[in-house]
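# Structural features, examined
Each chain is listed here by its residues.
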Amino acid sequence: MQRAFFITGIIMAALFIGCGFVFLCTDFLVERLPKPNRMWFGIIFIVYGGFRAVRQYNQYKKMKQQENE
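Residues numbered from 1 in each chain as written. Predicted model: local features only at pLDDT ≥ 70, side-chain atom pairs only at ≥ 80, totals over all residues. Heavy atoms only, no water.

Each turn of an α-helix holds 3.6 residues, which means side chains three or four residues apart point in the same direction. The terminal C-alpha atoms of helix 2 (residues 35-68) lie 50 Å apart, and with 34 residues this matches the ideal 50 Å at 1.5 Å per residue to within 8%. Among the residues of helix 2, those classed as buried are R38, G42, G49, R52, Q56 and M63. At its buried positions, helix 2 is contacted by helix 1 (2-25). (Helix = DSSP H or I, 4+ residues; strand = E, 2+ residues; numbered from the N terminus. Expected span 1.5 Å × (residues − 1). Buried < 20%, exposed > 50% of the residue type's maximum accessible area, 1.4 Å probe, protein only. Contact = heavy atoms within 4.5 Å.)

Another aspect to go through is the side chain of R52. Inspection of the secondary structure assignment puts R52 in helix 2. Ignoring anything within four residues of it in the chain, the contact list for R52 reads G9, M12, A13 and F16.

Before going further, it helps to spend a moment on the packing of aromatic side chains. The tally for this structure, following the rule as stated, stands at six aromatic pairs. Geometrically, the ring pair formed by F6 and Y60 is stacked, given 5.7 Å between the ring centres and 25° between the ring planes. With F6 in helix 1 and Y60 in helix 2, this pair connects stretches of sequence that are 54 residues apart. According to the relative accessible area criterion, F6 is buried, its value standing at 15%. For Y60, a relative accessible area of 37% corresponds to the partly exposed category. (Phe/Tyr/Trp six-rings, centres within 6.5 Å; stacked < 30°, edge-to-face > 60°.)

Attention shifts here to the pattern of salt bridges. Applying the stated rule across the entire model yields one salt bridge. Where E67 meets K64, a salt bridge forms, and the shortest distance between an N and an O atom there is 3.6 Å. Of this pair, E67 and K64 both sit in helix 2, three residues apart, roughly one helical turn. Note on E67: relative accessible area 54%, which makes it exposed. Judged by relative accessible area, K64 falls into the partly exposed class, the value being 37%. (Salt bridge = Lys/Arg side-chain N within 4 Å of Asp/Glu carboxyl O.)

Here helix 1 contains 24 residues, and its C-alpha end-to-end distance of 35 Å stays within 8% of the 34 Å for a straight helix at 1.5 Å per residue. Among the residues of helix 1, F6, G9, A13, F16, G20 and F23 are the ones counted as buried. Tucked into the core, helix 1 has its buried residues touching helix 2.

Right, here's the structure in full:
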């Protein structure tokens, strides 16, 4: 079960980072979200995705340590 949560966490981190790049690099939803706000949302998504990726990396190290014991 722990492995399933780990994989889901990795997928979510990649999804947040991908959404951040979509907001920064495309005109997707430009009518609803003007340019300055798009930049902030993109940055926030990328930072949050990076945070989740770091948490998953730490969880991976903990899982490997538990397997070795």
